[in-house]
Amino acid sequence: MNDTAVVIELTKYLYRVPEAMKLLSLSRSTFYEQMRAGRIKFVKQGSATLIPASAIRAYVALLEQEAGVHYGETA
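Residues numbered from 1 in each chain as written. Predicted model: local features only at pLDDT ≥ 70, side-chain atom pairs only at ≥ 80, totals over all residues. Heavy atoms only, no water.

Concerning the packing of helix α1 (residues 17–24) against helix α3 (residues 53–67)
Here is the rule we go by: The axes are straight lines fitted to the C-alpha atoms, using for helices just the contacting stretch, and the angles between their N-to-C directions are given from 0 to 180°. To qualify as a helix, a DSSP run of H or I must reach at least 4 residues; to qualify as a strand, a run of E must reach at least 2; elements of each kind are numbered from the N terminus. To sort the angles, those under 35 degrees are grouped as roughly parallel, those over 145 as roughly antiparallel, those from 65 to 115 as roughly perpendicular, and the leftovers as oblique. Crossing chirality is assigned from the near helix's rotation relative to the far helix, an anticlockwise turn below a right angle marking it left-handed and a clockwise turn marking it right-handed. Every residue pair with non-hydrogen atoms within 4.5 Å of one another is taken to be in contact. Nonpolar residues are Ala, Val, Leu, Ile, Met, Phe, Trp, Tyr, Cys and Pro. Charged residues are Asp, Glu, Lys and Arg, and all others, Gly as well, are polar.
Where α1 meets α3, the axes come as close as 11 Å, and the angle between the chain directions of the two elements is 30 degrees. When the interaxial angle is binned, α1 and α3 end up roughly parallel. The handedness of the crossing between α1 and α3 is right-handed. Two secondary-structure elements touch here, α1 through A20, L23 and L24 and α3 through I56, Y59 and V60. Taken together, the residues of the contact of α1 with α3 sort by class into six nonpolar, no polar and no charged.

In structure tokens:
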């Protein structure tokens, strides 16, 4: 891993939407668009919408896959 990479360890299992938005650096409208499109998975607990840590990781992996990014490989 290079010196400019920043690793954020997800320390909770479930995140409220504003927390997940901040972790993913997405605006509210973009975040909800991605949820509606099924690209960000979520669960409901009563009236609360929660984003599992696994869904955040999966979304980042999806973005990397779509971009053709392969970390840890040499050129």
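Here we look at the packing of aromatic side chains
Counted only if it meets this: Each Phe, Tyr or Trp ring (for Trp, its six-membered ring) is paired with any other whose centre lies within 6.5 Å, and the angle between the two planes then decides the class: stacked below 30 degrees, edge-to-face above 60, tilted in between. Here's how the labels work: a residue is buried when its accessible area is under 20% of the maximum for its type, exposed when over 50%, partly exposed in between, all with a 1.4 Å probe on protein chains only.
Inspection of the entire model under this criterion finds one aromatic pair. Between F31 and Y32, the aromatic rings sit 6.3 Å apart at their centres with planes inclined by 85 degrees, giving edge-to-face as the arrangement. Residue classification places F31 among the buried residues on the basis of a relative accessible area of 0%. Residue class for Y32 comes out partly exposed when judged on its relative accessible area of 26%.

Comments concerning the sheet that holds strand β1 (residues 14–16)
Where we set the bar: Any two strands with at least two DSSP bridges between them are considered paired.
Strand order in the open sheet made by the three strands is β1-β3-β2, with antiparallel pairing throughout. Strands with a single pairing partner mark the edges of an open sheet, and in this sheet they are β1 and β2 (43–45). Taken over all neighbouring pairs, the strand axes of this sheet differ in orientation by 45 degrees on average, direction set aside. The pairing of β2 with strand β3 (residues 48–52) spans three bridges and is classified as antiparallel. Each residue of the ladder has a partner; that of V43, found in β3, is L50. Strand contacts of α1: β1 and β3, with the helix running at about 95 degrees to β1, the strand carrying the most contacts.

Quick word on the packing of α1 against helix α2 (residues 28–36)
Running from amino to carboxyl end, α1 crosses α2 at an angle of 100 degrees, the nearest separation of the two axes being 10 Å. With respect to α2, the axis of α1 lies roughly perpendicular. Along the contact surface, α1 presents V17, A20, M21 and L24, while α2 presents R28, F31 and Y32.

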